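One letter stands for each residue in the lines below.
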Amino acid sequence: NLYPKYSCLVSIAGAAALVDAGLVSKLVVKLESELDEIQEVILETLHFCLQADASQALAAGAVMILKSKLSHPLVSIRRKAACALMEICVPLEGKESVCKAEVIPLLVQLLDDSDPEVRANAAGALMYITITTPGKYAALQAGTIPKLLAHVKDTQSKVRLNCLKAITTLSETPEGRKILLQDVNLIQGCMEDSSEAVRRAAEIAVRVIQWKP
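Residues numbered from 1 in each chain as written. Predicted model: local features only at pLDDT ≥ 70, side-chain atom pairs only at ≥ 80, totals over all residues. Heavy atoms only, no water.

For the coordinates displayed, the defined rule picks out 9 salt bridges. For the salt bridge of D115 with R79, the shortest nitrogen-to-oxygen distance reads 2.8 Å. One end of the pair, D115, is in the loop between α8 (104–110) and α9 (116–129); the other, R79, is in helix α6 (residues 75–88), with 36 residues separating them in the sequence. A residue is classified by how much of its surface remains accessible, and R79, at 27% relative accessible area, is partly exposed. A salt bridge links E172 to K136; the shortest N-O distance between them is 3.0 Å. Here the residue E172 occupies a position in the loop between α12 (157–170) and α13 (174–181), and K136 occupies one in helix α10 (residues 133–141), the gap between them amounting to 36 residues. The exposure class assigned to K136 is buried, which follows from its relative accessible area of 5%. (Salt bridge = Lys/Arg side-chain N within 4 Å of Asp/Glu carboxyl O. Helix = DSSP H or I, 4+ residues; strand = E, 2+ residues; numbered from the N terminus. Buried < 20%, exposed > 50% of the residue type's maximum accessible area, 1.4 Å probe, protein only.)

Here, UniProt's "repeat: HEAT" (unreviewed entry) annotation points to residues 103–139. The span residues 103–139 is 76% helical and 0% strand by assignment, and the distance between its end C-alpha atoms comes to 10 Å. (UniProt positions renumbered as here; feature names shortened; annotations may be inferred.)

The subject of this paragraph is the nonpolar core. If you look at the biggest cluster of nonpolar residues, it comprises 71 residues, and the most contacted ones within it are L66, L70, I88 and I187. Excluding its chain neighbours within four sequence positions, the residues that come into contact with L66 are L31, L43, A81, A84, L85 and I88. (Core = buried A, V, L, I, M, F, W, Y, C linked by side-chain atoms within 4.5 Å. Contact = heavy atoms within 4.5 Å.)

What follows is about the environment of V41. Mapping V41 onto the fold places it in helix α3 (residues 36–52). Of the residues examined, V41 reaches a relative accessible area of 7% and is grouped as buried. When the C-alpha atoms of V41 and A17 are compared, they prove to be 17 Å apart, with 24 residues separating the residues in sequence.

What follows is about unusual backbone geometry. Within the chain, E102 stands out as a residue other than glycine whose phi angle is a positive 55°. Checked against the element boundaries, E102 lands in the loop between α7 (92–100) and α8. Judged by relative accessible area, which is 59%, E102 ranks as exposed.

This part covers the side chain of K95. Relative to the elements of secondary structure, K95 occurs in helix α7. For the buried K95, no salt bridge exists, and the shortest N-O distance to an oppositely charged side chain is 9.3 Å, to E96. Separated by 2.5 Å, the side chain of K95 and the backbone oxygen of V90 make a polar contact. In this view, K95 contacts I88, C89, V90, Y128, I129, I131 and T132; residues no more than four positions away in its chain are not counted. (Lys, Arg positive; Asp, Glu negative; His and termini not counted. Polar contact = N/O pair within 3.5 Å; in protein donor to acceptor, adjacent residues only side chain to side chain.)

Structure follows, in structure tokens:
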């Protein structure tokens, strides 16, 4: 039994054991057929497994399955699916897979989700995806910048932080910088944020946006 009595207190070490046993692919496949409450357990378990190693999940087609969960009516499942996608985007293979699966438009939509954790995880996934050049341009084409700008004043500091970091990576392109220069005052305003991490991210963003060759 991969998930006894709907509980999941898997540690990083426990997740590593699941990875070593080659069970991650089974967890991924079960996401398509299990009851909602068990899907939550699986997603929580994958949260730790993906931190240990994302390759098995990627090989099992996790990106497309997680993509389908981003529109789930239960906020808890959307939250955990967005978190798993954020973690799967840490390795280069994950970034590439998410771009190919056209997940970015859905992540952009989730920036307007009613749940702050969903918004933060979606912004975090975009932050990782836009590290690569293909990810940057896929995000630009999806109209990501206006949505990110709309949330640099979000009520949750984690959302503000991840949005500013994604803005920074997008401003590394000439096209992104051109758009963001028009709203640099908005980002400069974040340099007075109550969160030190957000203030620091805003300073870096402004510096990159205003960079001249």
